[in-house]
Amino acid sequence: MTDHNVRTLLPVQAMLGEGPVWIGRDAALWFVDIKSRHIHRVDPATGAARRWDAPDQVGWVLPGADGGMVAGLRTGLHRFDPADGSFAPIGRPEGDPAGNRLNDAATDGAGRIWFGTMDDAETDASGRLYRYADGAIVDSGLAPVCITNGPAIFETMLYHTDTLARTIWRATIRDDGTLGAAERFVTIEDGAGHPDGSVVDADGCLWVALWGGWGVRRYDPAGVLMGRVDLPASNITKIAFGGDDLRTAFATSARKGLDAAALAAQPEAGNVFAFDPGVTGLAVTPVALA
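Presented here is an overview of the structure given in this document. (Residues numbered from 1 in each chain as written. Predicted model: local features only at pLDDT ≥ 70, side-chain atom pairs only at ≥ 80, totals over all residues. Heavy atoms only, no water.)

1. Description of the packing of aromatic side chains
What the rule picks out here adds up to ten aromatic pairs. Arranged with centres 5.8 Å apart and planes meeting at 85 degrees, the rings of W52 and F80 form a pair that is edge-to-face. Here F80 lies in strand β8 (residues 76-81) and W52 lies in strand β5 (residues 49-53), a separation of 28 residues in the sequence. Of the residues examined, F80 reaches a relative accessible area of 3% and is grouped as buried. Here Y159 and F185 contribute two aromatic rings whose centre-to-centre distance is 5.0 Å and whose plane-to-plane angle is 70 degrees, an arrangement assigned as edge-to-face. With a gap of 26 residues between them, Y159 in strand β15 (residues 157-162) and F185 in strand β17 (residues 183-187) connect regions that are remote in the sequence. Accessibility assignment for this pair places Y159 and F185 in one class, buried. Clustering of aromatic rings is evident, with ring pairs tying together W30, W52, F80 and F87. (Phe/Tyr/Trp six-rings, centres within 6.5 Å; stacked < 30°, edge-to-face > 60°. Helix = DSSP H or I, 4+ residues; strand = E, 2+ residues; numbered from the N terminus. Buried < 20%, exposed > 50% of the residue type's maximum accessible area, 1.4 Å probe, protein only.)

The structure is reproduced here in structure tokens:
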């Protein structure tokens, strides 16, 4: 059995930790707590951590090619300035229902953002996947679902998750940013948890965080399960590869939905974990801002 050296990086006890991203230019891990409306930054080398308050639920932050940051708030895309904690609107998906919020995101090699929305009440199939490029937000054309999740990209392949259906889909990204036909990649079996955020490693394999599944799985490009890493919290939300060599994995987790008994049984719930995945990750392409 592989020893992944699982350890706690930051005992933050997030209500809904999400969106971990390694930003190489400042050698730090960034992530959010959606429900607490917080943006976090932690330096794994020193343990130094900082937190910013967001004006609304914040699903993710990503680095901008201009040296700034982009944040996905419930109200749309914003420029985020860590120096003064300010947020400046960029745009929002036209026609997206008022009850929706932004949930998860990734960039492709061209610096486009692929991000999803979801029904904040988790009941209606009103969530869609969008693309931000050249200053415009465009519907990807994929079928709406209740909880969009895990956009992950390897070269020209985009993976997209329908969390409640426990199914991950994939589609080819064409040169103009439109998508080819979606095909089912994998469905998580009943009782194993729900697929949450995902990320692709340098070998083109997909790592899927499992909400209610106590860990993450790794699938090869054919959808064959290759391995699993167990983690000390039930609701794992997403991982990111980081460190100087991109060979450390960082995982966010959540306390949301856990009653007092569950929290007592898993005191690490909501914390950020680190482990050795045994593979190399991919650097995040900064957002190409208009």
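That covers the picture; the talk isn't over yet.
2. Considering the side chain of N103
Along the chain, N103 turns up in strand β10 (residues 100-107). The exposure class of N103 is buried, given its relative accessible area of 4%. A polar atom in the side chain of N103 sits 3.0 Å from the side chain of R101. (Polar contact = N/O pair within 3.5 Å; in protein donor to acceptor, adjacent residues only side chain to side chain.)

3. Re the sheet that holds β10
Pairing in this open sheet of four strands is antiparallel, and the strands run β10-β11-β12-β13 from one edge to the other. The open sheet has two free edges, formed respectively by β10 and β13 (136-139), since each of these has just one partner strand. Averaged over all pairs of adjacent strands, the angle between their axes in this sheet comes to 30 degrees, without regard to strand direction. The pairing of β10 with strand β11 (residues 113-119) spans seven bridges and is antiparallel. If you follow N100 over to β11, its bridge partner there is D119. (Pairing = 2+ DSSP bridges. Axes fitted to C-alpha atoms, helices over the stretch in contact; angles between N-to-C directions.)

4. Re the side chain of T252
Note that T252 resides in strand β23 (residues 248-253). When its relative accessible area of 0% is taken as the criterion, T252 is described as buried. A polar atom in the side chain of T252 sits 2.6 Å from the side chain of T237. Residues within four places of T252 in sequence aside, it is in contact with G17, E18, G19, P20, F31, N235, I236, T237, K238, N271 and V272. (Contact = heavy atoms within 4.5 Å.)

5. Brief notes about the sheet that holds strand β9 (residues 86-91)
With respect to topology, four strands assemble into an open sheet ordered β6-β7-β8-β9, the strand pairing being antiparallel. Two strands bound the open sheet, and with one partner strand each, they are β6 (58-63) and β9. Direction aside, neighbouring strands of the sheet carry axes that sit 30 degrees apart on average.

6. Regarding the environment of D26
By the element assignment, D26 lies in the loop between β2 (17-23) and β3 (28-33). Sequence separation of D26 and E155 is 129 residues, and the distance between their C-alpha atoms is 25 Å.

7. Looking at the environment of G212
Along the chain, G212 turns up in the loop between β19 (206-211) and β20 (215-219). Spatially, the C-alpha atom of G212 lies 28 Å from that of D108, the residues being 104 residues apart in sequence. In contact with G212, not counting residues within four places along its chain, are G193, S234 and N235.

8. Regarding the pattern of salt bridges
The final tally for this structure, using the stated rule, is 17 salt bridges. A salt bridge links R37 to D56; its shortest N-O distance comes to 3.7 Å. Taken together, the residues R37 in the loop between β3 and β4 (38-42) and D56 in the loop between β5 and β6 connect sequence positions 19 residues apart. Exposure remark for D56: the relative accessible area of 9% places this residue in the buried category. With its nearest N and O atoms 2.9 Å apart, the salt bridge here joins R101 to D120. Taken together, the residues R101 in strand β10 and D120 in the loop between β11 and β12 (129-133) connect sequence positions 19 residues apart. (Salt bridge = Lys/Arg side-chain N within 4 Å of Asp/Glu carboxyl O.)

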